[in-house]
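# Structural characterization, general
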Amino acid sequence: MQHDSPQPSRRRLLTGAAAAAAAAALLPLGTGQAHAAPHRAGRAPRAGYPDVHWTPAAAANFTAANRPAQYGIDRVIVHVTQETYADTVKIFQNPKKQVSAHYCVRSADGYIGQFVREDDVAWHAGNWGYNTRSIGIEHEGWVDQPSWFTEAMYRQSALLTAAVCARYGIPVDREHIIGHVEVPGTDHTDPGRYWDWSRYMSLVKASLR
């Protein structure tokens, strides 16, 4: 996860915050309008996407935009939170933190929260150019604790990444689906050496068949 802003700052590790995640409504994700309200709970998700639950980040933690018209989208960036899912929610909703991602996948069950609409620019990469052109997906856990990377997490994240790639015509390869560590100028190491890229990419490709 990257503390970020329109003029990206260097990373600070996320600090913990107590508490349970906010109640979430089922969201079909992209609205096609930068400032449109999210769809109401109970509406069917966008075709191809797994169930996604709307838990909005603080407005101070992302940039409202009109993507892909304003900025083309050609990357998915894989992150690891270095926090619990519940604390990640609190951080994204704290306007002082200057950080967000479009999605976060919970370890235990693959539950997916959406925090920023795909139309908007989440502050996750530590590189403004990469922020504007990417979808950021956080994964609950720690880079040095592979037990957090569960089958449910891999499968749900792969479904999400496959749907994003299909929507924007992003090639399903390691040039376009990258780890935070691969972003130029970053000081992050996530998703780390325990993230199984071979397995993950196979799952993404299988989800598109």
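Moving on: helix α1 (residues 85–92). Helical periodicity: at 3.6 residues per turn, an α-helix aligns residues three or four positions apart in one direction. The buried fraction of α1 is high, at six of eight residues. Buried within α1 we find Y85, D87, T88, V89, I91 and F92.

For the bond from R67 to P68, the omega torsion is 0 degrees, close enough to zero to count as cis. Among the secondary structure elements, P68 is positioned in the loop between β3 (62–63) and β4 (75–78). P191 follows D190 through a cis peptide bond whose omega is 10 degrees. Inspection of the secondary structure assignment puts P191 in the loop between β9 (177–179) and α4 (197–207). The backbone phi angle of Q98 is positive, close to 60 degrees, even though this residue is not glycine. Among the secondary structure elements, Q98 is positioned in the loop between α1 and β5 (103–105).

Time to look at the environment of V99. Note that V99 resides in the loop between α1 and β5. A C-alpha to C-alpha distance of 7.2 Å links V99 and F62, two positions 37 residues apart in sequence.

Right, let's talk about the pattern of salt bridges for a bit. Per the counting criterion, the structure on display carries seven salt bridges. The residue D74 makes a salt bridge to R75 at a minimum N-O spacing of 3.5 Å. Note on D74: relative accessible area 25%, which makes it partly exposed. For R155, the salt bridge identified is with E151, shortest N-O distance 2.4 Å. One end of the pair, R155, and the other, E151, are both in helix α3 (residues 151–168), four residues apart, so they sit about a helical turn from each other. Judged by its relative accessible area of 45%, R155 falls in the partly exposed class. Look at E151 and you get partly exposed, because its relative accessible area is 34%.

Further remarks concern α4. Restricting attention to buried positions, one finds in α4 the residues W197, Y200, M201, L203 and V204. Projection of α4 onto a plane perpendicular to its axis shows the buried side chains occupying an angular sector of 160 degrees, all on one side. Its buried side turned inward, α4 meets β4, β8 (134–139), α3 and β9. Its side-chain oxygen placed 3.4 Å from the backbone nitrogen of S198, D196 serves as the N-cap of α4.

The next thing to look at is the environment of Y194. The residue Y194 is located in the loop between β9 and α4 in this model. Classification of Y194 as partly exposed rests on a relative accessible area of 33%. A C-alpha to C-alpha distance of 7.1 Å links Y194 and D144, two positions 50 residues apart in sequence. Among all residues touching Y194, those that are not within four sequence positions of it are V143, D144, P146, F149 and Y154.

Once that is clear, we can look at the confidence of the model for the protein. Averaged over every residue, the pLDDT of the protein is 85; residues scoring 70 or more account for 78%. Scored below 50 in pLDDT, residues 7–28 makes 72 contacts in the model with residues more than four places away or belonging to other chains. Predicted confidence for residues 31–44 stays below pLDDT 50, and this span has 35 contacts to residues more than four positions away or in other chains.

Two aromatic rings, taken as a pair, are described by how far apart their centres are and by the angle between their planes. Taken as a whole and judged by the stated rule, the model has 10 aromatic pairs. Relative to W195, the ring of F149 has its centre 5.3 Å away and its plane inclined at 80 degrees; by these criteria the two rings are edge-to-face. Taken together, the residues span a long stretch of sequence, with F149 in the loop between β8 and α3 and W195 in the loop between β9 and α4 at a distance of 46 residues. The same class applies to F149 as to W195, namely buried. Note on Y154 and Y200: the rings are 6.4 Å apart at their centroids and 50 degrees apart in plane angle, and the pair reads as tilted. Separated by 46 residues along the polypeptide, Y154 in helix α3 and Y200 in helix α4 bring together distant segments of the chain. Both residues of the pair, Y154 and Y200, count as buried. Joined through ring pairs, the aromatic side chains of F149, Y154, W195, W197 and Y200 make up one cluster. Sitting over the face of the ring of Y111, R106 holds its NZ or CZ atom 4.2 Å from the ring centroid. Positioned over the ring face of W197 is R174, at 3.7 Å from the centre of the ring.

Rules behind the numbers
- Residues numbered from 1 in each chain as written.
- Predicted model: local features only at pLDDT ≥ 70, side-chain atom pairs only at ≥ 80, totals over all residues.
- Heavy atoms only, no water.
- Buried < 20%, exposed > 50% of the residue type's maximum accessible area, 1.4 Å probe, protein only.
- Helix = DSSP H or I, 4+ residues; strand = E, 2+ residues; numbered from the N terminus.
- Salt bridge = Lys/Arg side-chain N within 4 Å of Asp/Glu carboxyl O.
- Arc of directions from axis to C-beta.
- Contact = heavy atoms within 4.5 Å.
- Polar contact = N/O pair within 3.5 Å; in protein donor to acceptor, adjacent residues only side chain to side chain.
- pLDDT = per-residue confidence, 0-100.
- Phe/Tyr/Trp six-rings, centres within 6.5 Å; stacked < 30°, edge-to-face > 60°.
- Lys NZ or Arg CZ within 6 Å of the ring centre and 35° of its normal.

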